[in-house]
Amino acid sequence: MKRSVNKTVICIIAAVIWVGLLCLAIYLKSVFDYKQAVNEITMEDVCISDLPDGVYLGGCDVDFIRAKVEVTVYGGRITEIKILEHKNERGQAAEAVIDQIISKQKVDVDAVSGATNSSMVLKKAVESALRAALN
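Attention in this report is confined to the structure presented alongside it. Remember, it's a predicted structure, so these values are computed and weren't measured experimentally.

1. Points about the pairing of strand β3 (residues 77-87)
Item 1. In this sheet, β3 lies alongside strand β2 (residues 66-74) in antiparallel orientation, the contact comprising 9 bridges. Note on β3: the bridge partner recorded for K68 is E85.

2. What to know about helix α2 (residues 97-104)
Item 1. Of all the positions in α2, only V97, I98 and I101 are classed as buried. Down the axis of α2, the buried set is contained in an arc of 105 degrees. They therefore lie on one face. Residues D99 and S103 are exposed on α2 and point more than 90 degrees away from its buried face.
Item 2. Elements in contact with the buried residues of α2: β3 and α3 (116-134).
Item 3. Where α2 ends, the next residue or the one after it, Q105, has phi of about 55 degrees, a positive value.

3. Structural notes on the environment of E70
Item 1. Secondary-structure assignment places E70 in strand β2.
Item 2. Each C-alpha atom, one on E70 and one on G58, is 6.6 Å from the other, the two residues being 12 residues apart in sequence.
Item 3. Apart from the residues within four sequence positions on either side, E70 is in contact with V55, Y56, L57, E80, I81, K82 and L84.

4. Some points on the side chain of E127
Item 1. Along the chain, E127 falls in helix α3.
Item 2. At 2.8 Å, the side chain of E127 forms a polar contact with the backbone nitrogen of E44.

5. Some points on the nonpolar core
Note that soluble globular proteins tend to have their nonpolar side chains buried in a common cluster.
Item 1. The biggest cluster of nonpolar side chains holds 33 residues, and the ones touching the most others in it are V71, I81, V126 and L130.
Item 2. Residue assignment for this core shows that the elements contributing at least two residues are α1 (2-39), β1 (54-61), β2, β3, α2 and α3.
Item 3. With 8 residues, the top contributor of residues to this core is α3.
Item 4. Setting aside its immediate chain neighbours within four residues, V126 contacts V69, V71, I81, I98, I101 and V107.

6. Some thoughts on the packing of aromatic side chains
Item 1. Applying the stated rule across the entire model yields 2 aromatic pairs.
Item 2. With a centroid separation of 6.4 Å and 85 degrees between ring planes, the pair formed by Y27 and F64 is classed as edge-to-face. Here Y27 is found in helix α1, whereas its partner F64 is found in the loop between β1 and β2, with 37 residues between them in sequence.
Item 3. Taking 5.0 Å as the distance between ring centres and 70 degrees as the angle between the ring planes, the aromatic pair formed by Y34 and F64 counts as edge-to-face.

Rules used throughout
- Residues numbered from 1 in each chain as written.
- Predicted model: local features only at pLDDT ≥ 70, side-chain atom pairs only at ≥ 80, totals over all residues.
- Heavy atoms only, no water.
- Pairing = 2+ DSSP bridges.
- Helix = DSSP H or I, 4+ residues; strand = E, 2+ residues; numbered from the N terminus.
- Buried < 20%, exposed > 50% of the residue type's maximum accessible area, 1.4 Å probe, protein only.
- Arc of directions from axis to C-beta.
- Contact = heavy atoms within 4.5 Å.
- Polar contact = N/O pair within 3.5 Å; in protein donor to acceptor, adjacent residues only side chain to side chain.
- Core = buried A, V, L, I, M, F, W, Y, C linked by side-chain atoms within 4.5 Å.
- Phe/Tyr/Trp six-rings, centres within 6.5 Å; stacked < 30°, edge-to-face > 60°.

Following this line, the structure appears as C-alpha cells:
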C-alpha cells in the first residue's frame, strides 16, 4: 500500500515537472521570436515634406511590445504624434522618442537608453502611419 502511494506521488511530481518544462520551453520560444522580430525591424526613410496634410494611423506589434499611433502632418511637417496604445514591458520611457521624431522631423532617431525595443516599435509605428499617407 505504501509503495503504491509513493509511486503515485512520484508520478504526480514527474508530471508537474514535465508540464513546467513544457511551459518554460514555450515561454523561451516566445521570447526568442520577440527578440528576432525586434531585430528585424528596419527603418526606411520617408520624405515627410512630400506627404499630403492629414491624420494617419500606424502600428507595430512584436508580441511583447506593441504600439498604435496617430500622426498629424501639416505643411510638409509632422505637427503631432499621439500614442493611442503602447503595450510594453518596462519601456514607458521610450515614449520620449516621439518628441525627438517631431523635433528632428525624421523617424530614424536615436532610441531611448534602457528602452531600445520599445523605441524601435514606436518608431516603426510612426513610419507605418507615414507610409499610409503615401497610399
